[in-house]
Amino acid sequence: MSRHLSRSLLALGLATALPAFAQSHDAHAGHDMAAPAKAPVDHSKMDHSKMDHSSMNHGAMDHSQMDHSTMDHSAMGHEMPLPAPSEPREPIPVPTDADRAAAFPPIDHGAMQHAPEINSLLLIDRLEHWDGRNGNGQAWEATGWIGGNINRLWLRSDGERSGSRTESSSLEALYGRSVSPWWDVLVGVRQDFRPADSRTWAALGIQGLAPYKFESSATLYFGAGGQVLAKAEVEYEVLLTNRLILQPVVEATLAAKDEPEYGIGRGLNKVETGLRLRYEFSRRFAPYIGISHERSFGDAADAAGDHARDTRWVAGVRMWF
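These numbers were taken from a predicted model, which means no experiment stands behind them.

### Digging into a nonpolar patch on the surface
Judged by side-chain polarity, Y175, V179, V185, V187, L204, I206, L220 and F222 come together as a nonpolar surface patch covering roughly 650 Å² of accessible area. Only strand 4 (165–180), strand 5 (183–194), strand 6 (199–210) and strand 7 (214–222) provide two or more residues apiece to the nonpolar patch. Examined against the element boundaries, V185 turns out to sit in strand 5.

### A short note on the environment of V271
With respect to the helices and strands, the residue V271 is situated in strand 11 (residues 267–279). Spatially, the C-alpha atom of V271 lies 8.3 Å from that of H293, the residues being 22 residues apart in sequence.

### Topic: the pattern of salt bridges
It is possible for side chains bearing opposite charge to pair when their charged atoms get close. In total, this model carries 18 salt bridges according to the counting rule given. The partner of R126 in a salt bridge is E141, with the nearest N and O atoms 3.5 Å apart. Linking R126 in strand 1 (residues 119–132) with E141 in strand 2 (residues 135–147), this pair joins segments that are 15 residues apart in sequence. Here K231 makes a salt bridge to D158, at a shortest N to O gap of 3.2 Å. With K231 in strand 8 (residues 228–235) and D158 in strand 3 (residues 151–162), the pair connects residues that are 73 residues apart, well separated along the chain. Judged by relative accessible area, which is 22%, D158 ranks as partly exposed.

Conventions used here
Residues numbered from 1 in each chain as written. Predicted model: local features only at pLDDT ≥ 70, side-chain atom pairs only at ≥ 80, totals over all residues. Heavy atoms only, no water. Patch = residues over 30% accessible without salt bridge, like charges linked within 9 Å, V, L, I, M, F, W, Y side chains within 5 Å. Areas by Shrake-Rupley, 256 points an atom, 1.4 Å probe, with all protein chains shown as cover. Salt bridge = Lys/Arg side-chain N within 4 Å of Asp/Glu carboxyl O. Helix = DSSP H or I, 4+ residues; strand = E, 2+ residues; numbered from the N terminus. Buried < 20%, exposed > 50% of the residue type's maximum accessible area, 1.4 Å probe, protein only.

Next up, the structure:
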């Protein structure tokens, strides 16, 4: 009876303790023991310079959730190592003396062609027939030189024929020296053969290309008896096409003294203007047509009489060698 009572009391105690034990375990189940709650971390206060990023597993990071707009990409080291140069399939041989000799053969200076030190040119600027109010005739004007780039011998000639006789002609021999890339100084002699007896002059002048490509020349002539003549000429070339060229020209002559026997008056003697249109079949040969006007002044006009003024139609050829 006592043993049976003891078993009954033990069963009753277990029945009473089991609900309380189960309730205590249910309370602990409400808490995540394996994943405790964490407080949010402020990464802006971390010192990333002391972190060892090389040991981080960046492949497992979710970069899609990052805010790249706040990152300073200029401070990031994006430099990537360059691949090592690969060796050529066929090694480049070391140059030999034979290779160098083939690449740089000896120069034969005797076989080289150099520009000649002496050059020459003959320009027949005007070779024309003219027809004016006082008749018709022929005229010429030519220039030639021989020498180098600095020192040259110049030859100049001009003249006129009318009525089958030579009205005027002259020849000049001048030494010219270049004083700039565009100008030469000339000194020499001039010999007149007409209109009166032969006469010799000492000449001093300058010629060259003025700004805006005006071909210019001015010469002083010193003659016997203290006579001094000054002659100036300016011409210009207007390229209508590469071959069709219009050439205006102005020429004036002045004298220091009156010399009626030579048709020379003191002051401005004569002014000649012309306009010639030429077509260059080549640079060496160009026929032309044009018009010129001559006028004498003062005592020179009195000596010329009816020939003091004249307008002429001209046709001729320009060529050089």
